[in-house]
Amino acid sequence: MTLAELEKAQAESLAEISAAADAAAVEALRVKYIGRNGSIPALIKAMKDVPKEERPAFGKAVQAWREAVAVRLSERGAELGGACASGAKIDADLTMPGRWRGLGVKHPLTRVIEESAAIFARLGFTVADGPELENRFNNFTALNTPAHHPSMDRSDTFWFGDDCLLRTQTSPVQIRTMMANKPPIRVICPGRTYRRDTTDATHSANFHQIEGLYVDTKEKPVSLADLKSVLAYFAKEMMGDGVTVRFRPHFFPFTEPSVEVDFSCHVCKGKGCNVCKQSGWIEVAGAGMVDPRVFEFVGYDPAEVSGYAFGFGVERIAMIKYGIPDIRWLYENDIRFLNQLG
Ligand code: DAH
């Protein structure tokens with residue numbers, strides 16, 4: 001087809017569309033000209049046969065034709081009164097508002113994770129990530145867990161062969177982060193964890209933790225007081241003014257010294273109520289100073305660095321913050337429950 005022929009064909013097609021008598025005719029012309037097997041797409045496909053020097057001008061003309069046809073088709077459709085392809089008039093008030101599906105709400109666990117990330121971001125912590133399927137080294141060995149430790153038992157951990165397991169804690173992300181970076185390191189690692197627990201009101205075989213890790217060089221030694229101040233800030237921001245923390249001595253293989261961390265009860269402000277079982281305190285986390293053995297496992301010199309780590313349960317925080325009595329409510333996806341917390 002020459003350019004002149006193309007012009008003629010364009011004029012004819014537009015005239016044809018203008019003369020279409022009803023919506024069905026408009027639709028037939030749409031198919032004829034710009035439908036998938038229409039004559040204009042066919043011309044585009046045949047472009048390779050047009051001599052090279054004529055191709056740009058020809059291509060432009062074909063595109064212009066295509067646009068003109070599309071515009072004329074919609075104009076003619078409108079002139080014919082919005083009748084649909086079958087020819088029937090649309091029997092609806094198009095100015096009515098549509099059906100509104102309503103937005104969902106954020107899951108309480110998502111809210112706690114996002115809020116925690118925002119609080120720690122204000123203290124200079126970034127978010128690190130690791131896989132849920134871990135190896136023995138990252139989940140146990142490098143965290144200074146002795147080979148006979150009961151947590152490695154087949155009845156406590158989901159194993160896939162000898163070296164592969166569903167992580168039982170977010171602590172392996174400490175190992176990954178240290179192996180891939182040099183101090184200073186300041187990260188939190190939220191994520192899903194797994195244990196072979198029988199489900200009841202306070203246990204679930206999969207749950208979430210948020211790990212924290214701060215390691216710095218010997219020019220900036222890190223102390224237990226630093227850890228306490230950061231967790232005290234977190235407690236206040238997450239649970240409200242007046243909430244404080246206390247440390248109780250404990251043991252974890254990967255920290256020395258190790259502590260368990262309690263928040264003062266946000267409901268009774270420490271006086272004693274049902275939420276804190278009359279004690280005034282609620283256990284929320286484990287923490288401590290990173291054990292020198294862990295630094296050795298990741299290739300750091302324990303004489304050159306120091307740091308603290310902590311790990312808390314996301315479900316635990318969500319349950320005390322929102323007054324949720326049963327952990328299973330967090331997994332049932334009952335929107336009557338979820339909407340109350342959104
Ligand atoms: N990983 C421990 C657990 O799952 C929690 C924990 C304790 C994390 C002490 C830490 C820590 O980083 O320092 O029970």
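Residue numbers here run from 1 along each chain, matching the order of that chain's written sequence. The predicted nature of this model means local features are confined to residues of pLDDT at least 70 and side-chain atom pairs, given and counted, to a pLDDT of 80 or more, with totals for whole chains, interfaces and linings taken over all residues. Working from all heavy atoms in the structure, the side-chain values ignore hydrogens and water.

Draft legend 1. Region of the structure containing the pairing of strand β10 (residues 305-313). Here β10 lies mainly inside the structure; eight of its nine residues are buried. Here, a strand pair is defined by DSSP locating no fewer than two bridges between the strands. Only DSSP runs of H or I reaching four residues or more are called helices, and only runs of E reaching two or more are called strands; each is numbered from the N terminus. Sheet topology note: the strand β9 (residues 281-290)/β10 ladder contains five bridges and is antiparallel. Residue pairing across strands places Met 289 opposite Tyr 308, the latter belonging to β10. A 1.4 Å probe rolled over the protein chains alone gives each residue an accessible area, and that area as a share of the maximum for its type sets the label: buried under 20%, exposed over 50%, partly exposed in between.

Draft legend 2. Up close: the sheet that holds strand β6 (residues 206-217). Pairing within the open sheet is mixed, and its seven strands lie in the order β1-β5-β6-β10-β9-β8-β7. Two strands in the sheet have a free side with no partner beyond their single neighbour: β1 (126-127) and β7 (245-252). As paired elements, strand β8 (residues 255-264) and β9 share eight bridges and run antiparallel to each other. Looking across to β9, one finds that Ser 258 is bridged to Gly 288. Contact criterion: two residues are considered in contact whenever any of their non-hydrogen atoms come within 4.5 Å of each other. Comment: axis = line fitted to C-alpha atoms, over the contacting stretch for helices; angle = value between 0 and 180 degrees taken between N-to-C directions. Sitting on the sheet, helix α7 (residues 172-180) is in contact with β5 (185-194), β6 and β10, with an inclination near 35° to β6.

Draft legend 3. Layout of the side chain of His 208. One can find His 208 in strand β6. Contacts described as polar in this section are N or O atom pairs within 3.5 Å, which, within protein, must combine one atom able to donate a hydrogen with one able to accept it, while residues neighboring in sequence count only if both atoms come from side chains. Here the side chain of His 208 touches Glu 315 through a polar contact of 2.8 Å, side chain to side chain.

Draft legend 4. Region of interest: the site of the ligand. In the vicinity of the ligand there are 15 residues, among which Gln 169, Ser 171, Arg 195, Gln 209 and Glu 211 approach most closely. Take Gln 169: an N or O atom from its side chain is 2.8 Å from a nitrogen atom of the ligand. Between the ligand and the protein, one listed contact pairs a nitrogen atom with a side-chain N or O atom of Ser 171 at 3.0 Å. Summarising the interface, the protein chains cover 90% of the accessible area of the ligand, which totals 350 Å² for the free molecule. Nearness of a residue to a molecule or strand requires only that one of the residue's heavy atoms be within 4 Å of it. Working definition of accessibility: Shrake-Rupley area with a 1.4 Å probe, residue cover restricted to the visible protein chains.

Draft legend 5. Structural context of the nonpolar core. Formed by 46 residues in total, the largest nonpolar core has its most connected members in Val 261, Phe 263, Tyr 308 and Phe 310. The residues touching Tyr 308, leaving out its near neighbours within four places in the chain, are Phe 125, Gly 212, Leu 213, Tyr 214, Val 222, Ser 223, Asp 226, Leu 227, Val 230, Gly 288, Met 289 and Val 290. Of all hydrophobic cores here, the second largest spans 19 residues; its members include Ile 185, Val 215, Phe 254 and Phe 295. The nonpolar core is taken to be a set of buried Ala, Val, Leu, Ile, Met, Phe, Trp, Tyr and Cys residues, with the residues joined through side-chain atoms within 4.5 Å.

Draft legend 6. Fine view of the pattern of salt bridges. A pair is scored as a salt bridge if a Lys or Arg side-chain nitrogen falls within 4 Å of a carboxyl oxygen belonging to Asp or Glu. Within the structure shown, the criterion is met by 20 salt bridges. For Lys 321, the salt bridge identified is with Glu 115, shortest N-O distance 3.1 Å. With Lys 321 in helix α10 (residues 314-322) and Glu 115 in helix α5 (residues 108-121), the pair connects residues that are 206 residues apart, well separated along the chain. In this structure Glu 115 comes out as partly exposed when scored by relative accessible area, which is 26%. The shortest N-O distance in the salt bridge between Arg 246 and Asp 262 comes to 2.9 Å. Note that Arg 246 is positioned in strand β7 and Asp 262 in strand β8, a separation of 16 residues in sequence. Of the residues examined, Asp 262 reaches a relative accessible area of 2% and is grouped as buried.

Draft legend 7. Layout of the packing of aromatic side chains. Under the pairing criterion, centres of Phe, Tyr and Trp rings, with the six-membered ring standing for Trp, must be within 6.5 Å; the plane angle then separates stacked pairs below 30 degrees from edge-to-face pairs above 60, leaving the rest tilted. Enumeration over the complete set of coordinates arrives at 14 aromatic pairs. Here the aromatic rings of Tyr 214 and Tyr 308 are separated by 5.5 Å at their centres, their planes lie at 65°, and the arrangement is edge-to-face. Here Tyr 214, found in strand β6, pairs with Tyr 308, found in strand β10; they are 94 residues apart in sequence, far enough to count as distant. No difference in accessibility class separates Tyr 214 from Tyr 308, as the two residues are buried. Between Phe 310 and Phe 312, the ring centres sit 6.2 Å apart and the planes meet at 5°, which makes this aromatic pair stacked. With relative accessibility at 1%, the residue Phe 310 sits in the buried group.

Draft legend 8. Up close: the domain arrangement of the chain. Once the domains are mapped, the chain shows domain 1 (3-80) and domain 2 (108-340). With centres defined by C-alpha atoms, the gap from domain 1 to domain 2 works out at 65 Å. In this document the domain limits rely on a domain assignment from an automatic tool or a database.

Draft legend 9. Local environment of the packing of helix α1 (residues 3-18) against helix α4 (residues 55-79). Interaxial distance between α1 and α4 falls to 9 Å at its minimum, and their mutual angle equals 5°. Comparing the axis directions of α1 and α4 gives the class roughly parallel. On the side of α1, the interface is formed by Leu 3, Leu 6, Ala 9, Gln 10, Ser 13, Leu 14, Ile 17 and Ser 18, while α4 contributes Ala 57, Phe 58, Ala 61, Val 62, Ala 64, Trp 65, Ala 68, Val 69, Arg 72, Leu 73 and Arg 76. In the contact of α1 with α4, the residues fall into 14 nonpolar, three polar and two charged. Comment on the angle field: the value is read as roughly parallel under 35 degrees, roughly antiparallel over 145, roughly perpendicular from 65 to 115, and oblique elsewhere. When residue character is reported, Ala, Val, Leu, Ile, Met, Phe, Trp, Tyr, Cys and Pro are called nonpolar, Asp, Glu, Lys and Arg charged, and the others, Gly included, polar.

Draft legend 10. Here's a closer look at a negative patch on the surface. Only residues whose relative accessible area exceeds 30% and that form no salt bridge enter a patch; like-charged residues are grouped when within 9 Å of one another, and nonpolar side chains (Val, Leu, Ile, Met, Phe, Trp, Tyr) when within 5 Å. A positive count includes Lys and Arg, and a negative count includes Asp and Glu. His and the chain ends are not counted in either. Lysine's charge is taken at NZ, arginine's at CZ, aspartate's at CG and glutamate's at CD. On the surface, a cluster of negative charge is contributed by Asp 153, Asp 156, Asp 197 and Asp 200. In this fold, Asp 153 is placed in the loop between α6 (136-139) and β3 (159-160).

Draft legend 11. Fine view of unusual backbone geometry. Here the bond from Pro 183 into Pro 184 is cis, since omega is 0°, no more than 30 degrees from zero. With respect to the helices and strands, Pro 184 occurs in the loop between α7 and β5. The omega torsion of the bond from Glu 256 to Pro 257 falls at -5°, within 30 degrees of zero and hence cis. When you line up the elements, Pro 257 lands in strand β8. One non-glycine residue, Lys 269, adopts positive backbone phi at about 55°. Note that Lys 269 resides in the loop between β8 and β9. Its identity as a non-glycine residue notwithstanding, Asn 333 has a phi of 55°, on the positive side. One can find Asn 333 in the loop between α10 and α11 (335-341). Residue classification places Asn 333 among the exposed residues on the basis of a relative accessible area of 53%.

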